[in-house]
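Understanding the architecture of this molecule
This is what each chain is made of:
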Amino acid sequence: MNNPQTCPGRRRTAAAAVSLAAVLALTATACGDDGTAAAGEEGSGKGTITFWDNNGGVRTAVWQEIIKDFEAKNPGIEVTYVPIPSEDVQSKYDTAIAGGGLPDVGGVGAAYLANIVAQDALEPVGDRIEDSALKGKLVPNMVTSVKSAGGRGDEMYSVPTSASNGTLYYRTDLFKAAGLDAPTTWAKFYAAATKLTDVENNKFGYTIRGGAGSIAQALDAMYGQSGITSFWDGDKTTVNDPKNVAALEKYVGLFKKTTPEADVNNDFKKMVAQFDTGTIGMLSHNLGSYTDHVKALGKDKFAGIPNPVGDSGTRVQVSNPMDGLGLFKSSKNKAAAWKFIEFAVSRESNSKWNESAGAIPANAEAASDPWMNEAEATKLGAKALTDGSTKIVELPYYLPDWNKISKADNEPNFQKVLLGVMTAKEFLDTLADQLNEAQAEWNEQNAS
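Nothing here was measured: the structure is a model prediction, and the numbers come from that model.

Take the overall build of the chain next. The helix and strand tally for the chain stands at 19 helices and 14 strands. For 448 residues, the compact-globule estimate of 2.2 N^0.38 gives 22 Å, and the chain sits close to it at 21 Å. Looking at the chain residue by residue over its 448 residues, the buried ones come to 59%. Split by element, the accessible area of the chain, about 17100 Å² in all, is 50% carbon and sulfur. Here the chain contributes 43 positive and 55 negative side-chain charges, whose respective centroids are spaced 4 Å apart.

Written as structure tokens, this is what we have:
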């Protein structure tokens, strides 16, 4: 459904998604141009390899530093770095799978891992890990998670690099000046959004994500308020449960009242920039923007906390996908490409990358490095997911069409909801129909 050209032997099987909470308990095969599976070559272990960064621009600086370190220690290998914006990465992979031009190594998030695996574009990496310095060094539950997201049993098609968590950032200086408590509950969140808004002076209590990446954030706010803790009720999704409909109606009701009107086109980069200028009181994102806020504001003017607690007294959040590195089957120099992956997920490099991103390292040794305790939002997020206070709603990353449904098919519809052209119920009913169909197809193919 996501790509009309499929590889021979395409399969859509997957295990159940694994909770990010479980991940944090310790603290993501190409079609050839002619449509046939391209096996690629192991190569000499020297020469040039191409690396696609799946969050280009945002993580360019740290990747360039890691690449420089790698090339210094591997003088026979040169890495060509290609930054791909996160909102474009799946379409870039789909286009390259259909027409050629895949990289040797690429960043692959769990949200679209199953789609790429289903197109037979990635090389299995389980055996390579067993024979490498990474053996026994990866956080076990992250390994379980990427196996699940890949959808082919116990095989791995991505080496995990990091995990993140939904985070509510708020301006502590603005809250203090307004006499507001921290937005630890949804009631306090909505009260603060209203009180911190001064439209005439271009000040707003919140910034809502209406552009790329809007669906996951909306689902997080929706399930967080409704208190529903499972994405499925049998084989039917709960996204259009009446409680979720009511929660989404309340959430989108913030648009243009306590948020800028331009938010209808907001991606995370615009949201972060707005928050860091001082005109926005609260921002929902993930751990990935923590270091950006520190650079812009220092540690004294903001805080990042887990999402608000609902009326039941329990925090409910949707799962965040693991990030990882994939080795593409069509590579003509897999030996050199694997050396790069091995280096990038080593303790030093993985720690460096995750400290820059404010995320949770996949390398177990890196996960114990001192900076983890110094990054307040990261520490609080990890604690919330391991102390029993948070229920995780597992998003179905194992569905090959999950990313297509949650992005290309429904981000434009969410904008219609914000603009009042579509109701929250119509939006969620449409999303539910697509998800139920995808789940039924997965069930049928998984049973065969």
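This model, assessed by the stated rule, comprises 24 aromatic pairs. Between F51 and F340, the aromatic rings sit 5.2 Å apart at their centres with planes inclined by 55°, giving tilted as the arrangement. Taken as a pair, F51 in strand β1 (residues 47-53) and F340 in helix α13 (residues 334-344) lie far apart in primary sequence, 289 residues in all. For the pair F51 and F340, one class covers both residues: buried. Between Y223 and F231, the ring centres sit 6.2 Å apart and the planes meet at 35°, which makes this aromatic pair tilted. What makes Y223 buried here is its relative accessible area of 0%. With a relative accessible area of 2%, F231 lands in the buried category. Positioned over the ring face of W353 is R59, at 6.0 Å from the centre of the ring.

A separate point is the pattern of salt bridges. Per the stated rule, a full pass over the model turns up 17 salt bridges. One salt bridge connects D181 with K188, and the closest N-O pair in it is separated by 3.9 Å. On the accessibility criterion, D181 (51% relative accessible area) is exposed. Using a relative accessible area of 33% as the deciding quantity, one classes K188 as partly exposed.

With that settled, the discussion passes to the sheet that holds strand β13 (residues 360-361). Judged by pairing direction, the sheet is mixed, and its six strands sit side by side in the order β2-β1-β3-β12-β4-β13 without closing on themselves. In this open sheet, the two edge strands, each paired with only one partner strand, are β2 (77-83) and β13. Sheet analysis places strand β3 (residues 105-107) next to strand β12 (residues 323-327), joined by three bridges and oriented antiparallel. Across the sheet, the residue bridging to V105 is L327, located in β12. Running over the sheet, α13 touches β1, β2, β3, β4 (159-163) and β12 and is turned about 165° from β12. Strand contacts of helix α14 (residues 347-357): β4, β12 and β13, with the helix running at about 35° to β4, the strand carrying the most contacts.

What counts, and at which threshold
- Residues numbered from 1 in each chain as written.
- Predicted model: local features only at pLDDT ≥ 70, side-chain atom pairs only at ≥ 80, totals over all residues.
- Heavy atoms only, no water.
- Helix = DSSP H or I, 4+ residues; strand = E, 2+ residues; numbered from the N terminus.
- Rg over C-alpha atoms; globule rule 2.2 N^0.38 Å.
- Buried < 20%, exposed > 50% of the residue type's maximum accessible area, 1.4 Å probe, protein only.
- Areas by Shrake-Rupley, 256 points an atom, 1.4 Å probe, with all protein chains shown as cover.
- Lys, Arg positive; Asp, Glu negative; His and termini not counted.
- Charge placed at Lys NZ, Arg CZ, Asp CG, Glu CD.
- Phe/Tyr/Trp six-rings, centres within 6.5 Å; stacked < 30°, edge-to-face > 60°.
- Lys NZ or Arg CZ within 6 Å of the ring centre and 35° of its normal.
- Salt bridge = Lys/Arg side-chain N within 4 Å of Asp/Glu carboxyl O.
- Pairing = 2+ DSSP bridges.
- Contact = heavy atoms within 4.5 Å.
- Axes fitted to C-alpha atoms, helices over the stretch in contact; angles between N-to-C directions.

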